[in-house]
Structures are given as structure tokens and as C-alpha cells.
Amino acid sequence: MNTAPYAAVNGNEGGLPASLSVLGATGPVGRQALEVAGEHKIPLDLLTANTDVSGMEALARAYSPRFAVMADEGAARDLAARLKDTPVTVRGGTDALCETIRVVNSPVTVNAILGEAGLLPTLACASLGRRLALSNKESLVVAGEIVKAEAKKAGCEIIPVDSEHSAIFQCLHAGRKSDVRSILLTASGGPFRGMTREQLAKVTLQDALAHPTWKMGAKITVDSATMMNKGFEVIEAAHLFDVSPDAIKVVVHPESIIHSAVEYIDSAVVAQLSSPDMRLCVQYALTYPARLPGLTRELDLFSVGTLNFFKPDPEAFPLLPLAFYAMKRGGGVPAVLNAANEVAVAAFLKEKISFTDISRIVSETVEKLTVCKNAKTVEELLDADKQARSVAAALI
Ligand code: NDP
């Protein structure tokens, strides 16, 4: 294995950052990042959202950031009017969002934006050479090579926030990277674990939104139910830790207590365990390599009792093997996979298509657009994303 860009600690002993920016502040991960900031009294430079003006107004009043940016310009005008009595500077639009990231230049930025929309903000953070606490896995799915190259050039540390990747990152401290045999990426299996394809054809939106162990945004909850989320995490892990997808084994573990593990060449397996709580992952990404007491409750193994492990079912959940395929094809194929999935999941959330239609639409879009494997630059990858959105929309 090579050394990934995040590994450069730059002599930093960690601890609380002097200030923080939270992108995607109105989502579940953004809100949990703010709980951590509040607990440790970390001043906020910048909060961002897309259209949720009421949510942002409440957060701006509670956390008093210097800047609040809405990607949607109409929402920004509304927010500016509502926050007139505060010193918060409000801006609107994606360009303003990326520019404000550069202006505030926070020592740590949490990117918890949903979907491909997180890519340009990730690149803006990477170019600053500070620390990026990355929850937006889609940045790495769509443009992993470019994000890593930019981070390496500028000296940006990328610390993963996704619970599995945070776990792997911690387990990698137990040995040399060159001595890693494989990564064991755990998956809860979602609400439909053990179901056949025939049974899955009949599940409803409400069934899909009932995740057994994690409270998350609607889109990622559906991605967990289809196992697309695990597929994205395979691609994310391959980029973050510079491993071949063939060295990543997905292990279904319904209790979500072991958040992932690393197997070394002597057959030792080092795992990270905790109560399922994203606030632990966010806090660790802020304070690494230091650890601090936080909001996460202690793990009581006696009340957990039994831990179970199963193999994933590739026939019932075809989006997981499709992610391995997309990663191996490379270029713009993972971007196509992500965009087709965003379109299909949005249609499922509006109850326009059935649960099994999601994998049909995503698979057919990837099949039609394998030519996008030659995409390399950000512009070409965003073009692959655009093509995939129109192909997927036509399949609904
Ligand atoms: P949500 O969809 O609930 O929230 C996402 C945030 O992104 C909101 O603040 C939203 O603003 C903002 N946003 C949405 N679209 C845009 C856009 N076009 N431009 C700018 N901002 C936008 O997501 P989650 O918090 O569930 O997840 C965030 C990221 O973290 C995802 O990449 C997800 O895969 C990852 N993740 C989430 C976990 C979880 O526990 N939820 C666990 C691990 C990873 P608005 O509210 O105004 O729409």
C-alpha cells in the first residue's frame, strides 16, 4: 500500500481546532458536528445548506457563525432577511460557497453535503492545505483521484468521518500499511437483510426508511437498504487507503458495533468497536490524533451480548457488485453510478418507482455509459454525471 494523503500529520498533535466550518449543516451529520462543536465550545466560521432556510436560521442563531451560505440563491435572500438583526454574513450560490470556504480558511472543515454537490466544496477545501473531515463520500466516488492529487499537492489532511472509514483509519494505526492483507468493511445489512429479490419487489418507502441501527438522512437510508451505500464505501475506502477493491471484503454485521476491521499479513485482525454514534466519528476527525471525552455513551459489551456476521447476497443486492465493477472500470463510471443512483433514489423517495426499480435504473445507466470510463478531468467527470442523470431520468 502507498501512503495516502491523510496520513501526513504535519507534526500536529491534534486536539480541538481553533475554529470550524460545517458544510451541509442542516443534515443529520452536519447537526451532529455542531453538537460536537457546541460541547467543546469551538467557534464556527461558516455554516452551509441548500434550501432549508428555517433550519439554517435556527442553527445560525444557536451557533453564531461568521458566515451562513445557502447554495440556493433564493433561499439565501430569504435567510438574509431573517438574520438582519444578527452579525452573520449571508451569501448565496455554489460559487459563493466555495469562495467563502477559502475566505474563512478554517483549520478544519467538515463536509457533510449530500451527493455530487459536495465535490466542488471538497476540492475547495483540499486546495487550502488544512484539514478536511470528510463525510461526503460522493466526492471520492465521483473524483477520488483528483481529490487525492489536490489534497496531496496542497498538504490537506483528509480524515474520514464515515463510521466504517473512521474505524479503518484507526485500525491502520496498529501496523504498517505494507503489512495489510485486507480491509473488512462492515455493513448493517439495512432493513431488508436476508430478503430475496422477489420479496424486495414488494417493499414500501416506509419499510426502506426504517433503518435498524442508524438515524440518517432519507437518501443514505435508502442507499443502505439497497446496499448502494456499501458499494460507495468500497470505492471510498479504495481511494482513501490506496487499496485495490479486491482487498476489501464486505461483512454484514447487523448489530453495527464493529465499525470495520483491518487484517494484517500475520492473520491478526484489528477492529474498532463503539456504540453507533456519528458524533464519535466527527469528534475524532476534528481532534485526531488526540482523543477527548465526548457525547458518545460507553459501549457495554454485556448488554450487546452477541455479534453476528453474514456474507452479503449479491443477487438480492446487485448494486454492491456493480460498485466493484464501476471502480475497476474507473474514469467516469463511478460518477455515472452515483448520478444514476441519485436520480433513481429521488424518484423512489417521491414514490414514482418501486424499490427494485432503483437497481434496474442504475444498472442500465451504467451499462449504457461505460464509454465514460475515459473521463479524467473534473469537467469530463461532471459531464459523465450530467449524461447519466438524463439517461437515468429517461428510464423512470
Ligand atoms: P442530508 O441529505 O440529510 O443533508 C445533507 C446536507 O447537504 C443538508 O445540509 C443539505 O441542505 C445540504 N445539501 C443538499 N443538497 C445540496 C446542494 N445541492 N448544495 C449544497 N448543499 C446541499 O444528508 P446526511 O447528513 O444524511 O449525509 C451527508 C453526507 O454524509 C452524505 O454524503 C452521506 O453519504 C454521508 N454520511 C451520512 C451518514 C449519516 O449518518 N447520515 C453516515 C455516514 C456518511 P438542505 O437541508 O438545505 O437541503
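Being a predicted model, the structure only gives us computed values, none of them experimental.

Caption draft 1: Region of the structure containing the nonpolar core. One finds Leu20, Leu337, Phe355, Ile358 and Val362 to be the most contacted residues of the largest nonpolar core, which totals 127 residues. Of all the elements, helix H15 (residues 333–349) adds the most residues to this core, at 11 residues. With sequence-adjacent residues up to four places away left out, Phe355 is seen in contact with Phe192, Leu200, Val203, Ala208, Ala225, Thr226 and Phe348.

Caption draft 2: Spotlight on the site of the ligand. The immediate surroundings of the ligand are formed by 24 residues, with Thr26, Thr51, Ser135, Glu138 and Asp162 found nearest. Val29 is positioned with one of its backbone polar atoms (N or O) 3.2 Å from an oxygen atom of the ligand. A distance of 2.7 Å separates an oxygen atom of the ligand from a polar backbone atom of Thr51. Across the shell around the ligand, the residue classes break down as 12 nonpolar, 8 polar and 4 charged.

Caption draft 3: Summary view of the confidence of the model for the protein. When pLDDT is averaged along the protein, the result is 95, and 97% of the positions lie at 70 or above. Ignoring residues within four places in sequence, the model shows residues 1–11, a span with pLDDT below 50, making 32 contacts including any to other chains.

Caption draft 4: The pairing of strand E9 (residues 248–252), seen in detail. Where burial is concerned, most of E9 is hidden: 4 out of the 5 residues are buried. Both strand E8 (residues 180–187) and E9 contribute to a ladder of 5 bridges, which runs parallel. Looking across to E9, one finds that Leu185 is bridged to Val250.

The rules behind these values
Residues numbered from 1 in each chain as written. Predicted model: local features only at pLDDT ≥ 70, side-chain atom pairs only at ≥ 80, totals over all residues. Heavy atoms only, no water. Core = buried A, V, L, I, M, F, W, Y, C linked by side-chain atoms within 4.5 Å. Buried < 20%, exposed > 50% of the residue type's maximum accessible area, 1.4 Å probe, protein only. Helix = DSSP H or I, 4+ residues; strand = E, 2+ residues; numbered from the N terminus. Contact = heavy atoms within 4.5 Å. Near = heavy atom within 4 Å. Polar contact = N/O pair within 3.5 Å; in protein donor to acceptor, adjacent residues only side chain to side chain. Nonpolar A, V, L, I, M, F, W, Y, C, P; charged D, E, K, R; others polar. pLDDT = per-residue confidence, 0-100. Pairing = 2+ DSSP bridges.

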